[in-house]
Amino acid sequence: MAGISLHNVGKSYGSVEVIPDLSMEIISGEFLVFLGPSGCGKSTLLRMIAGLEELSNGEILIDGTRVDALPPGQRGVAMVFQHYALYPHMTVRDNMAFGLRNIGMSAGEIDRKIADAARILEMDHLLARKPSQLSGGQRQRVAIGRAIVKEPKAFLFDEPLSNLDAALRSRTRIELARLHQQVKATMIFVTHDQVEAMTMASRIAIMNQGRIEQVGTPLEVYRRPRTRFVAGFIGTPAMNILTVRLLGEDKGGAVVALPGGQRVETRVPISGLASSATLELGVRAEHVTTGGGIDGRAEVVERLGDRTFVYARLPDGALVVYEDAGDSTVSVGDPVALGFNPAQVHLFDSAGIGHHAA
Amino acid sequence: MVLGRGVKKLDLVDMLLLAALVGLAIVWVAPIVWVIGLAFKPNDVLMRTTGGIFAPPFTGKNFRDILATSAVFGWMLNSFIVAIGQTFLTLAISTLAGYGFARTDFPGKRIAFILVIAGLAVPEQAIIVPLHTMFAEAHLHNTYFGLIAPRLAFPFGVFLMYQYFKGVPREIEEAAMLDNASRLKIFFRVVLPLTVPAQATLGIYTFLHAWNEYFWPLVSATKPEMYTLTIGLAATQTNFAQTEGIGFLMAQAVFAGLPILILYLFFQRHIVTAVAGGAGK
């Protein structure tokens, strides 16, 4: 178990800058998820921590020791790859033993560690098989087992669930969360799937174009997105974003107007907003209320059983999604009157920085 | 068209194809059957006629004569040494070069690879004279090294292995790096075992080619004790008057073909791949 420090880490491929300058602290024992769209640099960052990519600048410390000049095998980390990367010609047992033999561990100790890992992952019956004789889920387990036996300072996961079907993915998510509680090691997990991030992470680091947009607990990033990018990336359906105009202040919160002129009250302090050239309002579907003064017309109705998402078109052309009851009677084409819960409205300035209710 | 139990009936096109294939197979097999048949006939009978190979009398004398007198064992040994030497060295060189080109970076790699690939376009005949001169000056003719060396620089083998290494997921090597394995260990313990199918293909292709090679041994092996099988058999056939008769000649041919037949029985699947892969060369 160890903390990991990234100091001014950068990575360029020729003239292409993938990660310009990134610093952050990964707390010992936490489950940190790097979340972001494809090409945002999250896998590159993980590979730099693992030692599979060289740094263009900056330094990486694991447990206080600088490791960026060390080869991957000497950094004390274990990695689970997206495509498992098991050695196809070795049995499961040999796959798990390979790394231990390389550090000169005794055969008895290796057997004990493999037995422990196999028990934790319930895969004793697979030890004599080759990877080709395993299902996708079983291979994933072996890949995790291969990491566990090394008792690393940190586990690195590179989108390890993306090749599993939906049911298995959800089960493996739970198993990984349980494993984290069991082994209490630092785990860094890279994914583009926000459900994985929200369900497993102690903290999420949301990345965009090689930069960290926000680091926080799942609820922090959901409830108080630091930037407009985070607001749009986290949450399904995505947060409603509407262009607005600042009217003034009322009861300590900014008052804005939609393009159609409808007035919207917020609890967002006005300081720092007046100087912004443009403003955007963000509100989640569950914080849009019915019976307000914003008229629209239902365009799409998504019935999920326990709740219904209604996509309503406003007269100015904007589309607003709101959450209705599971037995909602709204049909396509029906007129709807909407309002926004002032305490849950966010405003984003022209730099994309979020301002929230105090 | 699939033949076997519980399979669909053959339609007309299938039957025509099948008939054509059977016809071609007969054309191909007939001379071999004829050679085998003649090998079991007495030479005095063959002096009169080479027809009627399926009718008695038959004899095993031709094969007994080979065991007793022929130089074919010596030639066969030479062929074995040359073919096996060439196979192992080609495998070693092609594998290392293929891995180098596929996985490592070094200055001039691109140009070196283009040069190797360009080697595919140079026919053996085009370089035979300089090769002969070079080996003559180095006094390497009539040596095993002289017979083996020219084909070791084998662009097709390098290219085959390069392609195969490219196909091995890089993640597997990275996993081994994280498992604290050295570069050599990764190559020998992790990557090399994954290329066994390509090694088998290249090995068999090289062995067959070396076993059947005629042109270079004809140039390089001028002393009868250094003849390979192909040169030895050709020498006896072109000097028919001095042989022990046509039955004996045919028995030698059958005898010479046996190792390849045995090889084929054991490595049938890989030979098909090797021939299919080598067809584009």
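Residues numbered from 1 in each chain as written. Chains lettered and ligands numbered in written order. Predicted model: local features only at pLDDT ≥ 70, side-chain atom pairs only at ≥ 80, totals over all residues. Heavy atoms only, no water.

(A) Expanded view of the overall build of chain A. Each helix and strand counted, chain A has eight helices and 20 strands in total. C-alpha extents for chain A along the principal axes are approximately 75 × 45 × 35 Å. Taken over 358 residues, chain A has a buried fraction of 52%. Considering only residue pairs separated by 6 or more positions, chain A has 64% of its internal contacts joining residues 24 or more positions apart. A total of about 15,300 Å² of accessible surface is found on chain A, and carbon and sulfur atoms cover 49% of it. (Helix = DSSP H or I, 4+ residues; strand = E, 2+ residues; numbered from the N terminus. Buried < 20%, exposed > 50% of the residue type's maximum accessible area, 1.4 Å probe, protein only. Contact = heavy atoms within 4.5 Å. Areas by Shrake-Rupley, 256 points an atom, 1.4 Å probe, with all protein chains shown as cover.)

(B) Region of the structure containing the overall build of chain B. What chain B contains, in helices and strands, is 14 helices and zero strands. Along chain B, helices (α) and strands (β) appear in the sequence α-α-α-α-α-α-α-α-α-α-α-α-α-α when read from the amino end. Since a compact globule built from 281 residues should have a radius of gyration of about 19 Å, the 24 Å found for chain B marks it as more spread out than a globular shape. Overall, the C-alpha framework of chain B stretches about 75 × 65 × 35 Å when taken along its three principal axes. Residues counted as buried form 41% of the 281 residues belonging to chain B. For chain B, the proportion of contacts with a sequence separation of at least 24, taken over those separated by at least 6, is 72%. Between the averaged position of the 19 positive side-chain charges in chain B and that of its 14 negative side-chain charges there is a distance of 5 Å. (Rg over C-alpha atoms; globule rule 2.2 N^0.38 Å. Lys, Arg positive; Asp, Glu negative; His and termini not counted. Charge placed at Lys NZ, Arg CZ, Asp CG, Glu CD.)

(C) Spotlight on the interface of chain B and chain A. With 15 residues of chain B at the interface, the matching set in chain A holds 25 residues. Summed over the three residues of chain B that lose the most area to chain A, namely Glu171, Leu178 and Asp179 of chain B, the buried surface amounts to 41% of that side. Across the contact surface, chain B and chain A share two salt bridges. Across the pair Arg47 of chain A and Glu174 of chain B runs a salt bridge, and its minimum N-O distance is 2.6 Å. Joining chain B to chain A, the criterion identifies eleven residue pairs in polar contact (both at pLDDT 80 or more). Breaking the side of chain B that touches chain A down by element, the ones donating at least two residues are helix 9 (170-178) and helix 10 (183-194) of chain B. Looking at the side of chain B that touches chain A element by element, the count peaks at seven residues for helix 9 of chain B. Of the residues contributing to the side of chain B that touches chain A, the split by class is nine nonpolar, one polar and five charged. (Buried area = accessible area lost by both parts, 1.4 Å probe. Salt bridge = Lys/Arg side-chain N within 4 Å of Asp/Glu carboxyl O. Polar contact = N/O pair within 3.5 Å; in protein donor to acceptor, adjacent residues only side chain to side chain. Nonpolar A, V, L, I, M, F, W, Y, C, P; charged D, E, K, R; others polar.)

(D) The nonpolar core, seen in detail. All names here are of chain A. One finds Ile4, Leu6, Phe34, Leu45 and Ile60 to be the most contacted residues of the largest nonpolar core, which totals 60 residues. Sequence-distant contacts of Leu45, that is, excluding residues within four places in its chain, are made with Leu6, Val9, Ile19, Leu22, Phe34 and Met207. Core analysis: the next-biggest nonpolar cluster, separate from the first, contains 45 residues, Val142, Ala201, Ile206 and Phe233 among them. (Core = buried A, V, L, I, M, F, W, Y, C linked by side-chain atoms within 4.5 Å.)

(E) Quick peek at the domain arrangement of chain A. Residue and element names in this part refer to chain A. Domain boundaries assigned for chain A yield domain 1 (4-225) and domain 2 (237-355). Summarising the inter-unit geometry, the C-alpha centres of domain 1 and domain 2 are found 39 Å apart. Listed by partner, the interface residues are four residues for domain 1 and six residues for domain 2. Both sides of the domain 1 and domain 2 interface together cover about 370 Å² of buried area, and 47% of this is carbon and sulfur. When the area that domain 1 buries against domain 2 is broken down by residue, the three leading residues are Tyr222, Arg223 and Pro225, summing to 97%. Taken together, domain 1 and domain 2 are joined by zero salt bridges. Counting across the domain 1 and domain 2 interface gives two residue pairs in polar contact (both at pLDDT 80 or more). Class assignment for the residues of the side of domain 1 that touches domain 2 results in three nonpolar, no polar and one charged. (Domains from an automatic or database assignment.)

(F) Main features of the packing of helix 4 (residues 72-103) of chain B against helix 8 (residues 155-167) of chain B. All names here are of chain B. Packing of helix 4 against helix 8 brings their axes to within 7 Å, and their N-to-C directions diverge by 50°. By the angle between their axes, helix 4 is oblique relative to helix 8. Relative to helix 8, the crossing made by helix 4 is right-handed. For the pair helix 4 and helix 8, contact is made by Ser94, Thr95, Ala97, Gly98, Tyr99, Phe101, Ala102 and Arg103 and by Gly157, Val158, Met161, Tyr162, Phe165 and Lys166, respectively. (Axes fitted to C-alpha atoms, helices over the stretch in contact; angles between N-to-C directions. Parallel < 35°, antiparallel > 145°, perpendicular 65-115°, else oblique. Left-handed = near helix turned anticlockwise from the far one by under 90°.)

(G) The arrangement of the confidence of the model for chain B in detail. All names here are of chain B. Within chain B, residue pLDDT values average 86, and 90% of them lie at 70 or more. The least confident element of chain B is helix 14 (residues 246-278), whose mean pLDDT is 77; the most confident is helix 9, at 95. Across the interfaces of the predicted complex, the ipTM metric reaches 0.86, alongside a pTM of 0.80. (pLDDT = per-residue confidence, 0-100.)

(H) Just helix 11 (residues 196-212) of chain B, in detail. The end-to-end C-alpha separation of helix 11 of chain B is 24 Å, in line with the 24 Å expected for 17 residues at 1.5 Å each. Burial of helix 11 of chain B is extensive: 13 of the 17 residues sit out of reach of the surface. (Expected span 1.5 Å × (residues − 1).)

(I) Summary view of the side chain of Arg141 of chain A. Residues and elements named next belong to chain A. By the element assignment, Arg141 lies in helix 4 (residues 136-148). Here the side chain of Arg141 touches Glu175 through a polar contact of 2.9 Å, side chain to side chain. Excluding residues within four positions of it along the chain, Arg141 makes contact with Leu121, Glu122, Met123 and Glu175.

(J) A look at the sheet that holds strand 11 (residues 240-250) of chain A. All names here are of chain A. Pairing is antiparallel in the open sheet, where six strands are placed in the order 13-12-11-14-19-20. Only two strands of the sheet have a single neighbouring strand rather than two, namely strand 13 (263-265) and strand 20 (354-355). Note that strand 14 (residues 279-283) and strand 19 (residues 346-348) share three bridges and pair antiparallel. Counterpart to Gly282 in the pairing with strand 19 is His346. (Pairing = 2+ DSSP bridges.)

(K) Focus on the sheet that holds strand 10 (residues 211-216) of chain A. Residues and elements named next belong to chain A. Taken in spatial order, the six strands make up an open sheet running 6-7-8-3-9-10, and their pairing is mixed. Every interior strand has two partners, whereas the edge strands, strand 6 (77-80) and strand 10, have only one. Adjacent strand axes in the sheet meet at a mean angle of 20°, parallel and antiparallel pairs treated alike. Bridging between strand 7 (residues 154-158) and strand 8 (residues 186-191) involves five bridges; their strand directions are parallel. By the bridge assignment, Ala154 is partnered in strand 8 with Thr186.

(L) Spatial organisation of the packing of aromatic side chains. Residue and element names in this part refer to chain B. All told, the structure shown has 23 aromatic pairs over all chains when counted by the stated rule. Where Phe156 meets Tyr205, the ring centres are 5.5 Å apart and the plane angle is 50°; that geometry is what we call tilted. Here Phe156 is found in helix 8, whereas its partner Tyr205 is found in helix 11, with 49 residues between them in sequence. Its relative accessible area of 16% is what places Tyr205 among the buried residues. Put simply, the rings of Phe101, Phe106, Phe113, Phe159 and Tyr162 touch in pairs and so form one group of aromatic residues. (Phe/Tyr/Trp six-rings, centres within 6.5 Å; stacked < 30°, edge-to-face > 60°.)

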